[in-house]
Number of protein chains: 2
Amino acid sequence: MHYSAGIQSLLPLFYIGWADSVLSPSEMKTIRKLVNRMDFLSFTDKRQLIQWTDPDSPPSHETYKNWLMDIQEGSLNYSIDKKLSLVQLGIELAKNAANFKDSNRWDSLEVKASIAELEKALGIDNQLSQLAFYKSINPRNTYHLEDISGFDPKILQTILDGKYADVKSQAKKLLMDPFFRVPYDLKNKEELRNLILDQCIEIAKQGYGASAYPKEYGGENSSGANTAFFETMALGNISLLVKFGVQFGLFGGAILQLGTKKHHEQYLADTGSLKLVGCFAMTETGHGSNVRNLETTAKYNHDSRSLTIHTPTNSAGKEYIGNALHATMAVVFAQLSIGDLNYGIHAVMVPLRDKNHKELTGITIEDNGYKMGLNGVDNGRIWFDDVAVPIANLLNKYGGIDEKGNYQSSIDKESKRFFTMLGALVGGRVSVAMASNTATKKSLAIAIKYALKRRQFESINEDEETLILDYPTHQERLFPLVAKSYALSFALEALREKFVEQYASTDKREVETLAAGLKSYASWHATDTIQECREACGGKGYLSENEFADLKADTEIFTTFEGDNHVLLQLVAKSLLTDFKEEFNSGGFMAVARHILKRVESKATSLNPIYTGNTNSEHIQSIEFIEAAFQFRTQKLLFSLSDRMRKYMGKKINPNDIFLRTQTHMVVLAKAWIEAYIFDEFYKQIEAMAEGEEKTTLILPFKIFGLNAILEDKGFFLENDFISGDKSKAIRKNLVSLFKQMRPLANNYVDAFGIPAVLRRAEIAKD
Amino acid sequence: MHYSAGIQSLLPLFYIGWADSVLSPSEMKTIRKLVNRMDFLSFTDKRQLIQWTDPDSPPSHETYKNWLMDIQEGSLNYSIDKKLSLVQLGIELAKNAANFKDSNRWDSLEVKASIAELEKALGIDNQLSQLAFYKSINPRNTYHLEDISGFDPKILQTILDGKYADVKSQAKKLLMDPFFRVPYDLKNKEELRNLILDQCIEIAKQGYGASAYPKEYGGENSSGANTAFFETMALGNISLLVKFGVQFGLFGGAILQLGTKKHHEQYLADTGSLKLVGCFAMTETGHGSNVRNLETTAKYNHDSRSLTIHTPTNSAGKEYIGNALHATMAVVFAQLSIGDLNYGIHAVMVPLRDKNHKELTGITIEDNGYKMGLNGVDNGRIWFDDVAVPIANLLNKYGGIDEKGNYQSSIDKESKRFFTMLGALVGGRVSVAMASNTATKKSLAIAIKYALKRRQFESINEDEETLILDYPTHQERLFPLVAKSYALSFALEALREKFVEQYASTDKREVETLAAGLKSYASWHATDTIQECREACGGKGYLSENEFADLKADTEIFTTFEGDNHVLLQLVAKSLLTDFKEEFNSGGFMAVARHILKRVESKATSLNPIYTGNTNSEHIQSIEFIEAAFQFRTQKLLFSLSDRMRKYMGKKINPNDIFLRTQTHMVVLAKAWIEAYIFDEFYKQIEAMAEGEEKTTLILPFKIFGLNAILEDKGFFLENDFISGDKSKAIRKNLVSLFKQMRPLANNYVDAFGIPAVLRRAEIAKD
């Protein structure tokens, strides 16, 4: 079939608009408004075009192919110049499709202006969209990215964005819609929460909430796409990000991972569309990090085939539960018992409220009140007073109760079952790690852009005051942080790959260890960086209009939720001590003790005085030296830790004391290990690239990241004679010279983070 | 004279109530209410008692002496037991004063209950008040502090509170009044600002705003008392603290320090009483740290004997000005010129608003909007469009214009004049340094008290879960911070002494250098500590009800205002390089260059291998070793810095480049120097004490502070061979053992900060 001339005039815009797979509510409204105003369209044209903007019945794949065929035929057959703007191309298509005598009217200025208006409204009036268009209609076209100004950052961005670049770009497009803008002066928590809920519903409508779920429940079965969408959301309001995570990740994730087919069928579609608002009731006031000892009980009653959920003490109440005020149902984690036998922690679906949103009998919910940040999320406390639910509500993938009232599980051991269940929920940590880095990048972009505009004191020899980014102190404060965010990006993409791979498997120990380590590293990096950026922007950084206020307050809790960083790092250390042979999350020291009785092999680089004292720049900036430093540190710490533990065990010191005596050492080891991992992934990325400008561009943050990490911990390296005092000083000098190299490229490096100007709202960073 | 029996029954309460010199508005209201209800009082008694609660005519010194005489006579002459409660003593006094036949009715339960109610309402129903009472009516009494439980913290508190303990205690008492409580859910900035303004007016009524001003303007001429009151206010809402500082310290301080007698007479009394609300318009958008190059102009017109104040560009607008929305007048800092000649920065009193609070012609004021914190302070931007004010409005202590239109100043050189003027305003930095430490102490008290209640994981060998303060990681996170706050307390008291001494002098270089260094150190200490404490309290730390939200957001800007820390530290380094011979605040490098041409003497401790490698605990914990470390570091950094600069000068590198190349080095030197100063003051304090428990108690945080500082910078000490790798490890071991010593005393150490439970509102730290 062929579309009418009128429709063809808009096909390029519609094609590229829909190619993003996202048309936001405001965009659709705008399209309808503008289309209605176009006098050159027939009534039938308008009806057809407007129908395509209906979110409930978007253009089918068939339709999309028809568009493409018309465009290709029009633009190829009639040899249209492939560098035409999308507006002009539409007009040419229309002219070709129209009767000869009619074709002149397409050249009127009014028509062009009115199509251009639509192009602008869709945000595609730029070279990149044009390029993407021609690339997609004809893969053999001759356009090159090099033709576009601001070339470097875009290429780097492609590398940083990685496999899920499309999803990230869709998420940005969606967030850029004014509908998702939260005013800085909206402080009332009830109003904020309602706004965030509305925004979350809109995102659900677009299908992004369900993306990790199976296709039959409205999803794409893609945990990769889901995490990519999530991490990008940190560019917008972070309450919305957390609300999204609570609903689709924690609540929906628990149903998906811990429930069976009947639960998926009953709940997943409604969870993904937010028809069912749910919360994830795990943490208790008395037990935050210690999930295995939660006090809430779920007692089985065989006569009624039901479970009674009960909060035995006030401090056993569920705490900080996101969605507590909006939810109608909760996944409750409780100690499951049959008669006198306790089978450990299990998850149960418990209805919280009736159709009028009134709390059901036995349910008490209390608002957590104002928080440091995230006031758009309705956190609350929940208590259960003998609340009975049918046994069908038990999420029974790893353990259930059969019709005879007997406990059944594919995993015999209670501890193994517990750790398997917790492991299934690792997605939360993976996601928080990623979102931390996104928020960090945004802060850095603001601080660097401000430092490239701001002048303060005059130079002595020049008329103009020096830009504050020209100060070595300012470079030293910000550039290592930029380099760290680069490094983290690759480590997090690597984690995502492993996470996606192990998504369906029950053994997730590697992912769990990496997620715990990277979540800790990335969330502290966010806390430190946002703080430094705020200070680097002085008084301006303190004003809400410049974004640090919200960035700081909202991400502040990332170091605590989804596992306290200090606790997580101790788990990482235990994994290392046991060569990943024990269940992750295993609390006690005994699991570790079994393993460390055998001596950990020391793989530490053998040191010689020439190596230790080599202050040559070529040597210091060599990947070999930096890599050796990371390896040496991890090995040395692991070796000395297991050595100490073995010694204490030989002295018959009780295990609890051994654990206390070595706790700090464990945390230090875990930090060193995860930093070495980050270095390795950055290295792998660079190794995999062909020689050329792109590779060169990445080597600079790579070196800064590595040498800065060594310098930050120079005390360790000096203490253990890995470097001499002179070498330590030489490393500092090398870093200063690398900062100088980064200085003229600083803006490009933060532009490569790919943060659209609209989402970088800070007044001080406006271009 | 003798008071009636009725009045005598209340004299002990009134005496001790007024002894604090503070009766807050709510207390006075309560007294009146309760007195009115007392049936055993005659109408005349009531009228007299209520008259004494009138804030506008408080009891005279005479009256107070009469109370004392009646009390002493009654309690001594009739040999009353000196351990009676204040209520019972009042009853005994009344019985003695009453007719014999009347005396029985004083023993009724109703009378006792009703006096006890008043005692409770005044917050003096405790042993300490009783002790203070008997001590003050009879200095020879036999009560000892040892009789009171919780003895240690009180003694330590006395040492920490120092010379201005009374003022600090008055400030606490005032802040404890419910009137000064700001609800956590009050988020609307307009409402918050109005509340804070009302609170500030109440404080002014009590006379605390004016305390630094001369007596003739309602003050006490005590900059010591003023700073002590200010620092204590950080225990309450910090917006109120900042508002207080802006009004009485910055605005009033500028009038006092830069104005002459006519200005004092015209403005000071009204400023102190807050009848005149003013702001301090120094900072400009384009020039934050660089005051000398402000762009606002003040042009002299001889015909009209007036100054025209003008903002030449948008970025020359005054920025972040506190009180901008409430003020009717501003002290404006501007470039003073007569004809074509510029005489540099001067301060001018400029009316902003008329009686209806409407902006005057030529004045534009804009709200700075929401900020990260301090939303109770009305910061704004101010622009002047050719605003004329009489020449009398020029604050002309350091420079004015005579009747012939000639510039007159006691200081010839423009730069010297500028630095003298700025130096006169050093009080702000002194105050912010102190308030930083107060807020820090409060955070620590909350985090430590929570860690002494919170259990998380079970011990392996015990039934009870371990307290989180028993974890070595937790001790390592919090105890060095407690020790730092102790150390800072003494350094800040020493700074106050010097500040008070140099208050009237024009040469304040030592105070300026110390204030800059200590303000930087203390404000970063606050930022780091509040962050660590929040994280140490996990999710609970994130809830507004636990105070970290406000503490963090409100103190965050302390690292920036009253001078950006990085800029201040560079000024400190310049002072050190020039042996304090140059004006503080002097921007350029040339001033420094003149001095460093002569070689700085190296006083570094001579090192020998035995000293460097001595890992003996006695040696490591010796004051000699710790002191040597601090001295070595400062000397080494100063020596190497001046050496580098001299070398660059020899190579004819231009001064600006020399400055840039050594900027980081300067900041490092300044930090080391101020930390050494803090150590020295702590040492002096301990040296001055007699041997005994008190001294012993202080030595523990002293050692922790010293060794922790060395360990934090072990990279430096190792790099420069001051310690060996083995010694560095030994220092860590020693610290761990000192932490163990601190653990059982931790609660006492934070109690000694003297924070009343009422002002420690955090739910998690409730006793």
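Student: I'd like to hear about the pattern of salt bridges, residue by residue, with values.
Tutor: Applying the stated criterion across every chain, the model contains 70 salt bridges over all chains. Among the salt bridges present, the one from Lys540 of chain B reaches Glu319 of chain A, with a minimum N-O distance of 2.7 Å. Separated into two different chains, Lys540 of chain B in the loop between helix H17 (509-536) and helix H18 (548-555) and Glu319 of chain A in strand S4 (residues 318-321) make up a pair that spans both. You'll find Lys540 of chain B and Glu319 of chain A in the same group, each marked buried. Each member of the salt-bridge network shares a partner with another, and the members are Glu319, Glu366 and Arg381 of chain A together with Lys540 and Glu545 of chain B.

Student: Quick one: what's the story with the sheet that holds strand S4 (residues 318-321) of chain B, residue by residue and with numbers?
Tutor: Residues and elements named next belong to chain B. The 3 strands lie next to each other as S4-S8-S7, forming an open sheet whose pairing is antiparallel. Two strands in the sheet have a free side with no partner beyond their single neighbour: S4 and strand S7 (363-367). The average undirected angle you get between the axes of adjacent strands in this sheet is 20°.

Student: Lay out the confidence of the model for chain A with the relevant residues and their values.
Tutor: Residue and element names in this part refer to chain A. Averaged over every residue, the pLDDT of chain A is 89; residues scoring 70 or more account for 91%. With pLDDT under 50 throughout, residues 139-151 is counted as low confidence; its partners more than four residues away or in other chains account for 16 contacts. Scoring of the predicted complex yields 0.83 for pTM and 0.83 for ipTM.

Student: Provide a residue-level description of helix H13 (residues 261-272) of chain A, including the pertinent values.
Tutor: Residues and elements named next belong to chain A. Counted at 1.5 Å a residue, the expected span for H13 with its 12 residues is 16 Å, and the 16 Å between its end C-alpha atoms agrees. Those residues of H13 not exposed but buried are His263, His264, Tyr267, Leu268, Thr271 and Gly272. Take H13 and look down its axis: the buried residues cluster within an arc of 120°, on one side only. Looking at H13, the residues exposed on the side facing more than 90 degrees away from the buried face are Glu265 and Gln266. Considering only its buried residues, H13 is in contact with helix H10 (189-205), helix H12 (238-258), strand S5 (329-338) and strand S6 (341-351). The positive-phi residue at the C-terminal boundary of H13 is Leu274, with phi of around 65°.

Student: Before we move on, can you summarise the environment of Phe490 of chain A with the specific residues and values?
Tutor: Residue and element names in this part refer to chain A. Within the element layout of this structure, Phe490 appears in helix H16 (residues 472-501). Sequence separation between Phe490 and Leu543 is 53 residues, and the spatial gap between their C-alpha atoms is 33 Å. Beyond its immediate chain neighbours, meaning those up to four positions away, Phe490 contacts Ile159, Leu160, Glu681, Phe682, Gln685 and Leu698.

Student: Hey, could you go over the sheet that holds strand S7 (residues 363-367) of chain A for me, with residue numbers and the actual values?
Tutor: Residue and element names in this part refer to chain A. Strand order in the open sheet formed by 3 strands is S4-S8-S7, with antiparallel pairing between adjacent strands. In the strand order of this sheet, the two ends are held by S4 and S7, each with one partner. In this sheet, adjacent strand axes meet at a mean angle of 20° when their direction is disregarded. Note: S4 against strand S8 (residues 380-384), 2 bridges, orientation antiparallel. Bridging from a neighbouring strand, Ile321 pairs with Gly380 of S8.

Student: I'd love a proper account of H16 of chain A, names of residues and values included.
Tutor: Taking 1.5 Å of rise per residue, the 30 residues of H16 of chain A would be expected to cover 44 Å, and the 44 Å separating its terminal C-alpha atoms lies within 8% of that figure. Burial within H16 of chain A is extensive, with 26 of its 30 residues counted as buried.

Student: Describe the pairing of S8 of chain A, naming the residues involved and giving the relevant values.
Tutor: All names here are of chain A. Within S8, 5 of the 5 residues are buried, which leaves it mostly tucked inside the rest of the structure. Judged by which residues are buried, S8 turns out to be covered on both faces: Gly380, Ile382 and Phe384 on one side and Arg381 and Trp383 on the other are all buried. Across 5 bridges, the pairing between S7 and S8 is antiparallel. Paired with Glu366 across the strands is Arg381, a residue of S8.

Student: How would you sum up the packing of aromatic side chains? Please name residues and give values.
Tutor: This model, assessed by the stated rule, comprises 60 aromatic pairs over all chains. Centroid distance Tyr208 of chain A to Phe229 of chain A: 4.2 Å. Interplanar angle 5°. Geometry classified as stacked. Here the residue Tyr208 of chain A occupies a position in the loop between H10 and helix H11 (223-233), and Phe229 of chain A occupies one in helix H11, the gap between them amounting to 21 residues. The buried category is assigned to Tyr208 of chain A, whose relative accessible area is 6%. Under the relative-accessibility criterion, Phe229 of chain A is labelled buried at 1%. Each ring, one from Phe418 of chain B and one from Phe419 of chain B, has its centre 5.3 Å from the other, and the planes form 65°; the classification is edge-to-face.

Student: Describe a positive patch on the surface, and please don't skip the residues or the numbers.
Tutor: The grouping of Lys647, Lys651 and Arg661 of chain A together with Lys733 and Lys740 of chain B at the surface amounts to a positive patch. Mapped onto the secondary structure, Lys651 of chain A falls in the loop between helix H24 (623-650) and helix H25 (655-687). For Lys651 of chain A, a relative accessible area of 57% puts it in the exposed group.

Student: If you had to explain unusual backbone geometry to someone new, which residues and values would you point to?
Tutor: Residue and element names in this part refer to chain B. A positive phi angle, near 75°, is found at Asn323, a position not held by glycine. Inspection of the secondary structure puts Asn323 in the loop between S4 and strand S5 (329-338). A positive phi angle is found at His357, which is not glycine, with a value near 65°. Position of His357 relative to the elements: it lies in the loop between strand S6 (341-351) and S7. Judged by its relative accessible area of 37%, His357 falls in the partly exposed class.

Student: Tell me about the relation of the copies chain A and chain B, residues and numbers included.
Tutor: Two copies of a chain can be linked by a rotation about an axis combined with a shift along that same axis. Laying chain A over chain B is done by rotating through 180° and shifting 0.1 Å along the axis; what remains is an RMSD of 0.2 Å. Put plainly, the chains are arranged around a two-fold axis. If distances are taken from each C-alpha of chain A to the rotation axis, the shortest is found for Gly715 of chain A, at 2.0 Å. Mapped onto chain B, 100% of the interface residues of chain A are again interface residues, and the two copies thus contact each other with one and the same surface.

Student: Explain the interface of chain A and chain B residue by residue, including any values.
Tutor: Across the contact, 80 residues belong to chain A and 81 residues belong to chain B. The tally of links from chain A across to chain B stands at 41 residue pairs in polar contact (both at pLDDT 80 or more). Counting residues per element, the side of chain A that touches chain B draws most heavily on H25 of chain A, at 7 residues. Along the lines of polarity and charge, the residues of the side of chain A that touches chain B split into 24 nonpolar, 31 polar and 25 charged.

Student: Summarise the side chain of Lys172 of chain B; cite the residues concerned and give the values.
Tutor: Residue and element names in this part refer to chain B. The topology assignment puts Lys172 in helix H9 (residues 165-175). At 2.7 Å, the side chain of Lys172 and the backbone oxygen of Gly754 are in polar contact. The contacts of Lys172, once residues within four sequence positions are left out, are Gln157, Asp161, Thr232, Leu235, Phe753, Gly754, Pro756 and Leu759.

Rules used throughout
Residues numbered from 1 in each chain as written. Chains lettered and ligands numbered in written order. Predicted model: local features only at pLDDT ≥ 70, side-chain atom pairs only at ≥ 80, totals over all residues. Heavy atoms only, no water. Salt bridge = Lys/Arg side-chain N within 4 Å of Asp/Glu carboxyl O. Helix = DSSP H or I, 4+ residues; strand = E, 2+ residues; numbered from the N terminus. Buried < 20%, exposed > 50% of the residue type's maximum accessible area, 1.4 Å probe, protein only. Pairing = 2+ DSSP bridges. Axes fitted to C-alpha atoms, helices over the stretch in contact; angles between N-to-C directions. pLDDT = per-residue confidence, 0-100. Contact = heavy atoms within 4.5 Å. Expected span 1.5 Å × (residues − 1). Arc of directions from axis to C-beta. Phe/Tyr/Trp six-rings, centres within 6.5 Å; stacked < 30°, edge-to-face > 60°. Patch = residues over 30% accessible without salt bridge, like charges linked within 9 Å, V, L, I, M, F, W, Y side chains within 5 Å. Areas by Shrake-Rupley, 256 points an atom, 1.4 Å probe, with all protein chains shown as cover. Lys, Arg positive; Asp, Glu negative; His and termini not counted. Charge placed at Lys NZ, Arg CZ, Asp CG, Glu CD. Least-squares fit on C-alpha atoms with pLDDT ≥ 70 in both. Polar contact = N/O pair within 3.5 Å; in protein donor to acceptor, adjacent residues only side chain to side chain. Nonpolar A, V, L, I, M, F, W, Y, C, P; charged D, E, K, R; others polar.

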